[in-house]
Amino acid sequence: MAATATIGVTGPAGGWPAVTYRQAGDQYVMIEYGEHELDLRLNFLVVSVLDRLTTDPPPGLVEAAPGLRSILVRFDPRRTGRDALIERLRATHDAQPDITSLVLPSRVITLPIAFDDTSCREAVRRYVTTIRPDAANTAGGSNIDYIVEQTGFPTAEALYAAVTGTELWTAFTGFAPGLPFLLPLEPGLGLSVPKYNPTRGWTAEGSVGLGGPCAAIYPVESPGSYQLLGRTVPIYDMVGHHPAFATDPFLVRPADRVHFTRVSERELRDARKQVFEGRYRYRIAEEPFSVADHLARWGHDPSRAAGTGAG
Amino acid sequence: MTGTDSPRHTGSGGNAPPPPAIEVLDPGVQTTVQEYPGRLGLQRRGLFPAGPADHLAFRLANVLAGNPEGTAALEIPAGRFAARLRRRGTVALCGADGAKPTLNGRAVPLWESVPVAPGDLLVCRTARGPGFRLYLAVSGGFTVPRVLGSRATHTVGAIGGFEGRALVRGDLLDGMPAGPAPARLRVPPPLRPVYGRHWEVEVMRGPHDPPEFFTEEAWAQFRTTAWRVDLGSDRLSTRLNAHTFAWPRSDGGVAGSHPSNVLDVSFPLGGVVINGDVPMILGPDGPTSGGFAVVATVVHAAVWRVGQLRPGHDTVRFREIDAEEAVPLARHMEYPLDPRHLEQLP
């Protein structure tokens, strides 16, 4: 019997954090970078290694999927042994450049946001009516007062300015089809809030929320536990009606940066209508991300203060 | 319902389109078109592979219908389903006992090839157990379009299968193209999966295991408890009864206030996640990632059993095995999928 799920450990060495390999059943291995802390540099490594696993996959690799500081690798045991796979993963790590010299493929996607809009208030209203009438985060019929209180911004306007004033890094996509998990590239911005308890039953497609240290955009109508900030345009289109989704149904990819610009609810409604009519022009610019430039700008410290997210 | 074909599909001359394979009369609870292994390669975009919750019964049904084992076929939760067959061919039903399927009113067996003719009426009744999901394969498979590389229905993403959704009354599914009749086969009783009310599922510990994320005491409770399968279970996850585990930490640190919180990871299919105080086994349409500890992972050889756990009724225990034991178990599970190991019927 395996005494532990940990099946390999290396480092830290040569500018690299410790790497831990954990078993996850007989068809998966989870690779973890560094310690249990929120450090964007670990996520930059995840993006870089994931890219390498895509262009140069080890024999028997089925797929690899990211986390904030981890990669889950699925393999076919008929095509590779677990030990052989880990040997290959170690070699992949050895071939990676030093973290400070990474330049990652990335795009800057500018999206409109209408803060505290009708759909967010409707989600809160349904939650209060059907799930929990007395939660502190629903006071005033929206989550805004609660977010302001938890983040410590003096006013809602100051919160909105912080959200629109920073670039958000897509640490990974997951949970639901195409859902991006976003972290501010500016350290210590303080956008961390506890999640809903219990989970909300309904969220409008396009809602933008905050939960724990992350922001997220809901690609489909779904349950959710992030505090709702506002709403943006669709980021997932399975049918591919809109040209932006013709070749890929998911707008946002890992390592993309998202920048929100504030619009009125009327302007957002108009933009959403244009999306559905295929006329909206998504603002997307290719702009590789230099980790060295980022570190030079913001320093080497772990990029954010401790979060306060709830389960 | 009538015993005659609908006029638009009976024309034999001219340019009449070929008839569909089946016309759905009673869709049951959430019958979907599935394909195995489903939509691989999109977990990083937020999509689990979809595909059958019990891939063993699904694949066996295809083998009996003369198909490659991954061919598109129907997943029928709780067994209830009725359809009018519109083409000549072979069908096979595998999975939940108790659906008591009939063809034109006469009982037909599970785990066996069944020849069918246009106009035949197939009726399956709600199965009260043991087992939960029934699979219907037709010779040649169902020919729904591939979406992102697969015909499997992903219920959350609303893609694949028949228009990205569960079937409704009146749906006409194409398939069962004419071809040579496959050999009639039967899975001999000793090779059939064994169903019951109280299940055992093999898991490997981790990736989040004691002492770092879980206590040894909690792990022992996890392994020895007979977990009740919650009524709220579905293709996303099988939820088990709530339990307050002891954790080695007082909170999740930067990941959150509950000690089950970890910095978000991608989840393995079949991962057992502790969501606060609720253990849940991730199913084929489940969330691909989250901020909760995955204390154990169901091994490939046992994933099919999770698909047969009956919500609100059954119990499940977890038996810990290691990587070495998982290999022969997987081989053993897949043995009946080779048609040479099945019984030939006259």
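Since the structure is predicted, the reported quantities are computational estimates derived from the model, not experimental observations.

1. A closer look at the interface of chain B and chain A
For an interface, size is often stated in terms of accessible area lost upon the parts coming together. On the chain A side, the residues contacting the 52 residues of chain B number 52 residues. For the pair chain B and chain A, the interface holds three salt bridges. For the salt bridge of B:Arg45 with A:Asp248, the shortest nitrogen-to-oxygen distance reads 3.4 Å. Applying the counting rule to chain B against chain A returns 21 residue pairs in polar contact (both at pLDDT 80 or more).

2. Thoughts on the domain arrangement of chain B
All names here are of chain B. We note that the domain assignment places domain 1 (8-193) and domain 2 (198-335) within chain B. Placing a centre on the C-alpha atoms of domain 1 and another on those of domain 2 gives a separation of 29 Å. Across the boundary between the two partners, domain 1 contributes 33 residues, which contact 26 residues of domain 2. Summed over both partners, the interface of domain 1 with domain 2 comes to about 2200 Å²; 55% of that surface belongs to carbon and sulfur atoms. The tally of links from domain 1 across to domain 2 stands at two salt bridges. One salt bridge connects glutamate 334 with arginine 59, and the closest N-O pair in it is separated by 3.1 Å. Counting across the domain 1 and domain 2 interface gives 14 residue pairs in polar contact (both at pLDDT 80 or more). Listing elements by their share of the side of domain 1 that touches domain 2, those giving two or more residues are α1 (55-64) and β10 (133-138). Looking at the side of domain 1 that touches domain 2 element by element, the count peaks at four residues for α1. Looking at side-chain class alone, the side of domain 1 that touches domain 2 contains 16 nonpolar, twelve polar and five charged residues.

3. Some thoughts on the domain arrangement of chain A
Residue and element names in this part refer to chain A. In terms of domains, chain A is made up of domain 1 (6-96) and domain 2 (107-298). When each unit is reduced to the centre of its C-alpha atoms, the spacing between domain 1 and domain 2 is 29 Å. The largest per-residue losses of area from domain 1 upon contact with domain 2 belong to Leu40, Phe44 and Leu68, which jointly make up 51% of the total buried on that side. For the pair domain 1 and domain 2, the interface holds zero salt bridges. There are two residue pairs in polar contact (both at pLDDT 80 or more) connecting domain 1 and domain 2. Ranked by residue count, the leading element in the side of domain 1 that touches domain 2 is helix α1 (residues 40-55), at five residues. The residue makeup of the side of domain 1 that touches domain 2, split by class, is six nonpolar, two polar and one charged.

4. Comments concerning the side chain of B:Arg39
Residues and elements named next belong to chain B. The topology assignment puts arginine 39 in the loop between β2 (32-34) and α1. For the buried arginine 39, no salt bridge exists, and the shortest N-O distance to an oppositely charged side chain is 6.9 Å, to glutamate 35. There is a polar contact of 3.0 Å between the side chain of arginine 39 and the backbone oxygen of serine 150. In terms of polar contacts, arginine 39 uses its side chain to reach the backbone carbonyl oxygen of alanine 152, at 2.7 Å. Apart from residues lying up to four places away in sequence, arginine 39 is in contact with Phe48, Pro49, Ala50, Val147, Leu148, Ser150, Arg151, Ala152, His154, Ile159 and Gly160.

5. A closer look at the layout of surface pockets
In this model, the largest pocket occupies a volume close to 1100 Å³. Taken together, 46 residues make up the lining of the largest pocket; nearest its centre are A:Phe175, A:Thr199, A:Ser225, B:Asn275 and B:Phe292. Contributions of two or more residues to the lining of the largest pocket are made by β13 (222-224) of chain A together with β15 (237-239), β17 (271-275), β18 (278-282) and β19 (289-292) of chain B. Broken down by element, the lining of the largest pocket gets its largest block of residues, four residues, from β19(B). One number sums up the size of the second largest pocket: a volume of about 620 Å³. If you trace the second largest pocket, you find 28 residues lining it, with A:Gln27, A:Asp76, A:Pro77, A:Arg78 and B:His300 closest to the centre. For the lining of the second largest pocket, the secondary structure elements donating two or more residues are β5 (70-75) and α2 (82-94) of chain A together with α4 (323-334) of chain B.

6. Considering the UniProt feature "domain: Carboxyltransferase" (unreviewed entry) in chain B
This chain's UniProt record puts "domain: Carboxyltransferase" (unreviewed entry) on residues 44-335 of chain B. Helix makes up 12% of residues 44-335 of chain B and strand 28%, whereas the separation of the span's terminal C-alpha atoms amounts to 32 Å.

The rules behind these values
- Along each chain, residues carry numbers from 1 onward, in the same order as the chain's sequence is written.
- Starting at A for chains and at 1 for ligands, labels are handed out in the order in which the entities are written.
- Totals for whole chains, interfaces and linings use all residues, but because this is a predicted model, local features are given only for residues with pLDDT of at least 70 and pairs of side-chain atoms are given and counted only at 80 or more.
- For the side-chain quantities, the full set of heavy atoms in the structure was used; hydrogens and water were omitted.
- Residue contacts are counted whenever heavy atoms from the two residues lie within 4.5 Å of one another.
- Here, a salt bridge means any side-chain nitrogen of Lys or Arg that lies within 4 Å of a carboxyl oxygen of Asp or Glu.
- Think of a polar contact as two N or O atoms within 3.5 Å of one another; within protein, one of them needs to be a possible hydrogen donor and the other a possible acceptor, and neighboring residues in sequence only count if both atoms come from side chains.
- Those domain boundaries reflect an automatic or database domain assignment.
- Summed over both partners, buried area is the accessible surface (1.4 Å probe) that two parts give up on being assembled.
- Strands are runs of DSSP state E lasting at least 2 residues, helices are runs of H or I lasting at least 4, and numbering of each runs from the N terminus.
- Each residue is assigned to one of three groups, with Ala, Val, Leu, Ile, Met, Phe, Trp, Tyr, Cys and Pro labelled nonpolar, Asp, Glu, Lys and Arg labelled charged, and all others, Gly among them, labelled polar.
- Burial classification: accessible surface area is computed with a 1.4 Å probe over protein chains only, and a residue below 20% of its type maximum counts as buried, one above 50% as exposed, and the rest as partly exposed.
- His residues and chain termini do not enter the charge count, which takes Lys and Arg as positive and Asp and Glu as negative.
- Each cavity reported here is a set of points on a 1 Å grid over the protein atoms alone in which a 1.4 Å probe fits but cannot get out, each pocket an open set with protein on both sides within 12 Å along at least five of seven lines, and each lining residue one with an atom within 4 Å of a point.
- Grid points are joined across faces, edges and corners, and a volume is the space filled by probe spheres set on the points.
- UniProt positions are given in the numbering used here, feature names are shortened, and annotations may be inferred rather than shown by experiment.

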